[in-house]
Each structure stands twice: as C-alpha cells, then as structure tokens.
Amino acid sequence: MANVTVIGAQWVDEGKGKLVDWLSNRADVVVRFQGGHNAGHTLVVDGKVYKLALLPSCVVQGKLSVIGNGVVVDPWHLLNEIEKIEAQGVRITPDILVIADNACLILPVHPQLDVAREASLMGRNGGITKIGTTGRGIGPAYEDKVGRRAIRVSDLADADALAAKIERLLAHHDPLRKGLGLEPIDADALLASLVELAPKILPFVQPAWRVLDQQVKAGKKILFEGAQGSFLVVDHGTYPYVTSSNTVAGQAAAGSGLGPSGAGFVLGIVKAYTTR
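Being a predicted model, the structure only gives us computed values, none of them experimental.

The rules behind the values
Residues numbered from 1 in each chain as written. Predicted model: local features only at pLDDT ≥ 70, side-chain atom pairs only at ≥ 80, totals over all residues. Heavy atoms only, no water. Helix = DSSP H or I, 4+ residues; strand = E, 2+ residues; numbered from the N terminus. Buried < 20%, exposed > 50% of the residue type's maximum accessible area, 1.4 Å probe, protein only. Contact = heavy atoms within 4.5 Å. Areas by Shrake-Rupley, 256 points an atom, 1.4 Å probe, with all protein chains shown as cover. Lys, Arg positive; Asp, Glu negative; His and termini not counted. Charge placed at Lys NZ, Arg CZ, Asp CG, Glu CD. Polar contact = N/O pair within 3.5 Å; in protein donor to acceptor, adjacent residues only side chain to side chain. Pairing = 2+ DSSP bridges. Core = buried A, V, L, I, M, F, W, Y, C linked by side-chain atoms within 4.5 Å. Phe/Tyr/Trp six-rings, centres within 6.5 Å; stacked < 30°, edge-to-face > 60°. Lys NZ or Arg CZ within 6 Å of the ring centre and 35° of its normal. pLDDT = per-residue confidence, 0-100.

Along the protein, the regular secondary structure elements total eight helices and 11 strands. For the C-alpha atoms alone, the extent of the protein along its principal axes is close to 55 × 45 × 35 Å. Every one of the 276 residues in the protein was classed for burial, and the buried ones make up 48%. Restricting the contact set of the protein to residue pairs at least 6 apart, pairs at least 24 apart contribute 74%. Of the roughly 13000 Å² of accessible surface on the protein, 54% is carried by carbon and sulfur atoms. Between the centroid of the 28 positive side chains of the protein and the centroid of its 27 negative side chains there is a distance of 6 Å.

Take the environment of Ser-65 next. Tracing the sequence through the fold places Ser-65 in strand E5 (residues 64–67). Overall, Ser-65 belongs to the buried group, its relative accessible area being 0%. With 157 residues separating them along the chain, Ser-65 and Ile-222 place their C-alpha atoms 9.8 Å apart. Apart from residues no more than four positions distant in its own chain, Ser-65 is found in contact with Val-30, Pro-56, Cys-58, Val-59, Ile-96, Leu-97 and Val-98. Separated by 3.2 Å, the side chain of Ser-65 and the backbone nitrogen of Val-59 make a polar contact.

Time to look at the environment of Leu-267. Secondary-structure assignment places Leu-267 in strand E11 (residues 265–269). The exposure class of Leu-267 is partly exposed, given its relative accessible area of 26%. When the C-alpha atoms of Leu-267 and Ala-9 are compared, they prove to be 9.0 Å apart, with 258 residues separating the residues in sequence.

The next thing to look at is the sheet that holds E5. Pairing is parallel in the open sheet, where seven strands are placed in the order E9-E7-E5-E2-E10-E1-E11. A strand with exactly one partner marks an edge of an open sheet, and here the two such strands are strand E9 (205–206) and E11. Relative to strand E10 (residues 222–225), strand E1 (residues 4–8) runs parallel, the two sharing three bridges. Note that in E10 the partner of Thr-5 across the bridge is Phe-224.

Below, the discussion takes up the nonpolar core. Across soluble globular proteins, nonpolar side chains show a tendency to be buried alongside one another. Leu-78, Ile-92, Leu-194 and Ile-201 are the most contacted members of the largest nonpolar core, which totals 55 residues. In this structure, Val-4, Val-20, Cys-58 and Ile-269 belong to the second largest nonpolar core, which totals nine residues.

A few words on the packing of aromatic side chains. Tallied over the full model, the rule gives two aromatic pairs. When the centroid spacing of 4.9 Å and the interplanar angle of 75° are considered together, the rings of Trp-11 and Phe-231 count as edge-to-face. In this pair, Trp-11 sits in the loop between E1 and helix H1 (16–24) while Phe-231 sits in the loop between E10 and helix H8 (251–254), placing the two residues 220 residues apart along the sequence. Residue classification places Trp-11 among the buried positions, given a relative accessible area of 13%. You can call Phe-231 partly exposed: its relative accessible area is 36%. Summarising the aromatic geometry, the rings of Phe-33 and Phe-224 are spaced 6.4 Å apart at their centres and angled 70° between planes, so their arrangement reads as edge-to-face. Within this pair, whereas Phe-33 is found in the loop between strand E2 (29–32) and strand E3 (41–45), its partner Phe-224 is found in strand E10, the two being separated by 191 residues in sequence. When the ring centre of Trp-22 is taken as reference, the NZ or CZ atom of Arg-26 above it lies at 4.1 Å. It is Lys-271 that lies over the ring of Tyr-273; its NZ or CZ is 5.4 Å from the centre.

Attention shifts here to the confidence of the model for the protein. For the protein, per-residue confidence averages 89 on the pLDDT scale, and 96% of positions sit at 70 or higher. Highest mean pLDDT in the protein belongs to strand E8 (residues 104–105) (98); lowest belongs to E3 (73).

Written out as structure tokens, the structure is:
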C-alpha cells in the first residue's frame, strides 16, 4: 500500500469512517488534514465502540496519529475525547499522537459567534437564510486563521505573548459580539483557561510536517483522512452552503505540510443515493 487519501465525494455521509478504519490496518500513520470536531467517526474494534470526532481513526490501534496544521482544534474537546478513549483502555501518549504546532485553536468565542450569527440569519421576508453550521465554532475559527489573528497551538507555550494575542483577537470579536447582543469576552478568564490546559496539550505538540517527512523517508505508509465531502468544499461546493475548509485531496498536502505528491492514491467515496 502506498500513501492513500480518502475523501467524501458527496455530502459527508458516504461512510468514510468504515473504509478509513479498514485501510488503517494497512497504514503506519493516519493524518487528519482539515476540518474540526464536526467530523464524527464511529469505530468498532474487537467489539468495542469508539466515537471519534477529532482524533485520527488509527489512534485506537496504537498507531501514529497526526492532527495536521489544516485542522482547527478545540483543545477542550480534544482533551475530553482523549479522556473518553483512555477510559475505554486506549492509552494516548505523545508517541502515538502528534498535534501540529501551527494548527489554529477553536476558542469559546467561536461557537458563541457561530450560534448567534446563525440565529440572526433570516431573510427580509422571513425566509430562512441560515448556512446550517454545526454551531461548534469551526467556521469562525477558520475566519480568524485567514484574518491572521488566530491563536495557534504553539502560542500555548508562551503565556506572556499569549495575553497580547488574545487582546488582538478580541479587538475584532468584541465589536461583532456587541452587534449580536453578546457580552464582551473576559480576556483574563480566557487567558487563565488556556494557561491551565496548556500543560495537558503541549506534550503532544510538534512540527507535524517534520514528523511526516521523517515517516516518508523511512518508507512508512500514510493514510490521509478527509472530513466532510466534496460538495461542501468552500471553493467548489454549493456556496454559500458549504463548510469552511477545502475538503478535496489537494488539501492533504497543504493541511499536513508534505509536498503535493504526499497525498498518493486518492480514493473518493460515494454511496448509491443521496438524501440531501
């Protein structure tokens, strides 16, 4: 098996998780390269059911699992997911889980904005114009990423610099929140919560591109695990009713830090009919 990239070729519900789980038995490394914790996979391994949203599928098999720089990471959700998986007997250590140091974070401000903005999206004549987001803050987190004001995973290592970056972020968000009738964010409380979780997240943090480059040079087989589906890609999908990232195979390289040949063989998953 060479490197393989699995993507959904329709509306996200093609059953990618089952195929990724099957292929991960033949892979050495599995990489998430875009999306956030809206990508739910249910795995059944030796009779045990594992529900994953952010962790790559093969983490339950003890294989190297990488959350790439193209993913937006909710650190609270990630720690909760790790806790649940460990309660099922799977030990998650820095030896098997790598989080890209340049991945951007989903903060509490993001789902709050997501939900409030969706609630305000009504047409002038009462027609609903909602995008239909999951309300988990993924879209607003990507907005901050391209707006060059996001908090990145590596920022957790420097509390002094983090305070200034939060101030910069809130200079954008507080006026938005005021317009939507939301209270301003407590910058000190946000900083304190990030400082508190930093020691739990930082042991997993590395330059993911370097880890993956080493794996390629060692001849390891890499499986890239896509989230969402091609009809939802922000550039080519049914805009504006799309997700916030590029879900196609080309994102595997950009979202992991490997070169354009890294994606290898591309496997697009479809089902016989769609329900959307």
